[in-house]
Amino acid sequence: MNQMSNIIVLGAQWGDEGKGKIVDLFSDRFDIVARYQGGHNAGHTVYIGPTKYILKLIPSGILRPGVTAVIGNGVVVDPLALVEEMATLEKVGVNVREQLAISNRAHVIFPFHRMVEKVGEGRTDREAIGTTSRGIGPCYEDKIGRRGIRMADLIDPAGFEAHYNNLAADKMTLAKAFDVHETIDFAAIRQQYEELAGKLAPLVTDTASLLNRAIRAGKRVLFEGAQGAMLDVDHGTYPFVTSSNATAGGACSGTGVPPTKITGIIGVSKAYITRVGAGPFPSEDHGPLGEQIRQVGKEFGSVTGRPRRCGWFDVPLARYTAAVNGIDSLIVTKLDVLDGLPEIPVCTGYRVNGVEVTDMPATRTGMDSIEPIYTKLPGWKTSTRGISVLEQLPPEAQAYLRFLEERTEVEIGGISTGPERTETIVKPGSRLHQLLG
Ligand code: GDP
Ligand code: IMO
Ligand code: MG
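Residues numbered from 1 in each chain as written. Chains lettered and ligands numbered in written order. Predicted model: local features only at pLDDT ≥ 70, side-chain atom pairs only at ≥ 80, totals over all residues. Heavy atoms only, no water.

### Describing the coordination of the magnesium ion (ligand 3)
Stage number 1. The coordination sphere of the magnesium ion (ligand 3) contains the protein donors Asp-16 (OD) and Gly-43 (O), at a distance range of 2.1 to 2.2 Å. Here the residue Asp-16 occupies a position in the loop between strand S1 (7–11) and helix H1 (19–26), and Gly-43 occupies one in the loop between strand S2 (32–35) and strand S3 (44–48), the gap between them amounting to 27 residues.
Stage number 2. The class for Asp-16 is partly exposed, based on a relative accessible area of 23%. (Donors = N, O, S within 2.8 Å, 3.2 Å for Na, K, Ca; no water. Helix = DSSP H or I, 4+ residues; strand = E, 2+ residues; numbered from the N terminus. Buried < 20%, exposed > 50% of the residue type's maximum accessible area, 1.4 Å probe, protein only.)

### Topic: the packing of helix H2 (residues 79–91) against helix H8 (residues 186–200)
Stage number 1. Between H2 and H8, the least distance of the axes is 10 Å, while the angle of their chain directions is 45°. With respect to H8, the axis of H2 lies oblique. Judged by the sense of rotation from one axis to the other, the crossing of H2 with H8 is left-handed. In this structure, H2 contributes Pro-79, Leu-80, Leu-82, Val-83 and Met-86 to the contact, and H8 contributes Gln-192, Tyr-193, Leu-196, Lys-199 and Leu-200.
Stage number 2. Class assignment for the residues of the contact of H2 with H8 results in eight nonpolar, one polar and one charged. (Axes fitted to C-alpha atoms, helices over the stretch in contact; angles between N-to-C directions. Parallel < 35°, antiparallel > 145°, perpendicular 65-115°, else oblique. Left-handed = near helix turned anticlockwise from the far one by under 90°. Contact = heavy atoms within 4.5 Å. Nonpolar A, V, L, I, M, F, W, Y, C, P; charged D, E, K, R; others polar.)

### Quick notes on the nonpolar core
Stage number 1. Counting 51 residues, the largest nonpolar core has Ile-8, Phe-223, Leu-335, Leu-338 and Tyr-400 as the members making the most contacts within it.
Stage number 2. Mapped onto the domain boundaries, this core takes at least three residues apiece from domain 1 (7–103 + 205–264) and domain 3 (269–436).
Stage number 3. Those residues in contact with Leu-338 that sit more than four places away from it in its chain are Ala-271, Tyr-272, Ile-293, Trp-312, Ile-344, Trp-380 and Tyr-400.
Stage number 4. In this structure, Val-75, Val-94, Val-108 and Met-151 belong to the second largest nonpolar core, which totals 39 residues. (Core = buried A, V, L, I, M, F, W, Y, C linked by side-chain atoms within 4.5 Å. Domains from an automatic or database assignment.)

### Considerations on the site of ligand 1
Stage number 1. Contacts to ligand 1 come from 19 residues, most closely from Lys-19, Gly-20, Thr-45, Asp-336 and Ser-416.
Stage number 2. In this structure, an oxygen atom belonging to ligand 1 sits 2.8 Å away from a main-chain N or O atom of Gly-43.
Stage number 3. Within the contact set of ligand 1, an oxygen atom lies 3.0 Å away from a backbone nitrogen or oxygen of Gly-418.
Stage number 4. Calculation on ligand 1 without its partners gives an accessible area of 580 Å², and the protein chains cover 92% of this total.
Stage number 5. Those elements that provide at least two residues to the shell around ligand 1 are H1 and S3.
Stage number 6. Residues belonging to the shell around ligand 1 are distributed by class as follows: three nonpolar, nine polar and seven charged. (Near = heavy atom within 4 Å. Polar contact = N/O pair within 3.5 Å; in protein donor to acceptor, adjacent residues only side chain to side chain. Areas by Shrake-Rupley, 256 points an atom, 1.4 Å probe, with all protein chains shown as cover.)

### Observations concerning the sheet that holds strand S15 (residues 343–352)
Stage number 1. Spatially, S16-S15-S17 is the arrangement adopted by the three strands of the open sheet, whose pairing is antiparallel. Where the open sheet ends on each side, the last strands, each with one partner, are strand S16 (355–357) and strand S17 (370–378). The average angle at which neighbouring strand axes cross in this sheet is 50°, direction not considered.
Stage number 2. Against the sheet, helix H14 (residues 395–408) touches S15 and S17, its axis set at about 15° to S15. (Pairing = 2+ DSSP bridges.)

### A few points about the pairing of strand S10 (residues 221–224)
Stage number 1. With burial as the criterion, each face of S10 is covered, one bearing Val-221 and Phe-223 and the other bearing Leu-222 and Glu-224.
Stage number 2. When S1 meets S10, the two strands line up parallel, connected through three bridges. Counterpart to Ile-8 in the pairing with S10 is Phe-223.
Stage number 3. Note: S2 against S10, four bridges, orientation parallel. Pairing of Arg-35 across the sheet is with Glu-224, part of S10.

Put into structure tokens, the structure is as follows:
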């Protein structure tokens, strides 16, 4: 029997840290890759040679033949988006129907969830969050409001109609209350979803049971986080967050695997930081350097194409996300994007009203009053692109990483120097190396 090794790979900033690349790289050492939250708001890019894949709902592990990909109960599933993503993967030869399992307890997104989101985001009396418009938030609202429809309900011919009619009645009341005149053809949606249910039913199962049985049998599970810790509904920059728990605890509630079975937690951070959508961002660079990073790092959303806001590595934020997640080892991605900068600012502290603070402020006003404290480190003049051995990095790049490690007090076990699998350093003897077994 293998030694138990069930690890969580999660975003330690505001998403798009390169989780897809990292999960894909490690997935050949695991039997199962499981998503635990979010939905098709995620966009995880994986390069295999020159071929680019963007995974949204389906765990990146699907790209490894023989690896089981699980969509856990904490995920919200848009059946149409899922069927489309399955078809895209099948077209390039992925055996989706053999490898994919969908939780019977995952909640279902309906078109009216997107409409509700549009109304909320369009309100003039509040600042928009800048969501991905996929219906994610309203679907989670129905889940927590105990009126949602789960995959098990969707594929249940005896029960679906009653569930659906209840939810439809709720949305009609809402539309009336908000004076929304958009016509929703509830009967057509129901029919479309019944057809989709037929396509997905063979893949729907009790994935908590599947995962726990596999773990008992000595199989290894990699939990793939979506979004990032600062977008977590509890620990992020609320209300400018997504509606799920992207932090480590979400891996347990979102799959039904108990915390006692988790062996390690790996955080993924960029060597700088980005954010898509609205909300506080203390180390944001509004100047030409921020623009340079956006261009060099191709920082445009993989789901919505929106330009990502860019800024500098934020140590207090990294310490915060390491604490709430219990990160054992950090992987720093996109180091190569900083190549050629004469010096690199790092936010090493926060000052509020002239006083240094160590805790993350909980309010918008608190976050907005942060004055970041920067330390400038020397840049490196040569390319790091594709370097896969730590000692071959320029001394300034090594010093930059050591500085981040010392200030965050978290091991940097891995470094990514390009989008491809081979463009990665895993430090020999690191905790990361140990966890990967
Ligand atoms: P995810 O959502 O966390 O999986 O990240 P995204 O896929 O949304 O965004 C990360 C982007 O950076 C993708 O286009 C990746 O191909 C790319 N990427 C990942 N690691 C590296 C790296 O080390 N260097 C460079 N230049 N690009 C990278
Ligand atoms: P991956 O998994 C970056 C952001 C949106 C918005 C906020 C709420 O690729 O890292 P939502 O549609 O979830 O209600 O939007 O969260 N957001 C992401 N930002 N990466 C993501 O996913 C994101 N998923 C949602 O831009 O600010
Ligand atoms: Mg992404």
